[in-house]
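Each chain is listed here by its residues.
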Amino acid sequence: MFSWAAVNLSPPGVRKDRHWLDLGVELDWAGERLQERIYEIDGANGTAEQ
C-alpha cells in the first residue's frame, strides 16, 4: 500500500508532505493508519483538530 498525505495546502511555504510504503497490509489497516498519519504530521505545529 502506498500512501501520500499533505497538510497545510493553502498558506505558501508551510505545506508538509509524507509518503509511506506498507507491504503486506490490509486496506482497512492502511485506511486507519492514514488518518492517524495525517494528524501526526499536522500536529507538530498544533493546528490539527481531531
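To be clear, the structure that these remarks concern was listed above.
My aim in this report is to walk through the structure given alongside it, one point at a time. As the structure is a prediction and not an experimental result, all values here were calculated from the model. (Residues numbered from 1 in each chain as written. Predicted model: local features only at pLDDT ≥ 70, side-chain atom pairs only at ≥ 80, totals over all residues. Heavy atoms only, no water.)

This part takes up the overall build of the chain. Per the secondary structure count, the chain includes one helix and two strands. If you list the helices and strands of the chain from N to C, you get β-β-α. When burial is assessed residue by residue, the chain has 18% of its 50 residues classed as buried. Carbon together with sulfur atoms contributes 53% to the accessible area of the chain, which is approximately 4,000 Å² in total. (Helix = DSSP H or I, 4+ residues; strand = E, 2+ residues; numbered from the N terminus. Buried < 20%, exposed > 50% of the residue type's maximum accessible area, 1.4 Å probe, protein only. Areas by Shrake-Rupley, 256 points an atom, 1.4 Å probe, with all protein chains shown as cover.)

Quick look at the pattern of salt bridges now. A complete count under the given rule lists three salt bridges for this structure. For Asp17, the salt bridge is made with Arg15, and the minimal N-O distance between the two is 2.8 Å. Owing to a relative accessible area of 32%, Asp17 belongs among the partly exposed residues under this scheme. A relative accessible area of 45% means that Arg15 is categorised as partly exposed. Notably, a salt bridge pairs Arg33 with Glu36, separated by 2.3 Å at the nearest N-O pair. Of the two residues, Arg33 and Glu36 both sit in helix 1 (residues 27-42), three residues apart, roughly one turn of that helix. (Salt bridge = Lys/Arg side-chain N within 4 Å of Asp/Glu carboxyl O.)

A cluster of nonpolar side chains, contributed by Phe2, Trp4, Leu21 and Leu23, occupies part of the molecular surface with about 540 Å² of accessible area. Position of Leu21 relative to the elements: it lies in strand 2 (residues 16-21). For Leu21, a relative accessible area of 59% puts it in the exposed group. (Patch = residues over 30% accessible without salt bridge, like charges linked within 9 Å, V, L, I, M, F, W, Y side chains within 5 Å.)

Structurally, Asp42 is set in helix 1. Relative accessible area serves as the criterion here: at 11%, Asp42 is assigned to the buried category. Distance from Asp42 to Ala5, taken between C-alpha atoms, is 9.9 Å for residues 37 residues apart in sequence.

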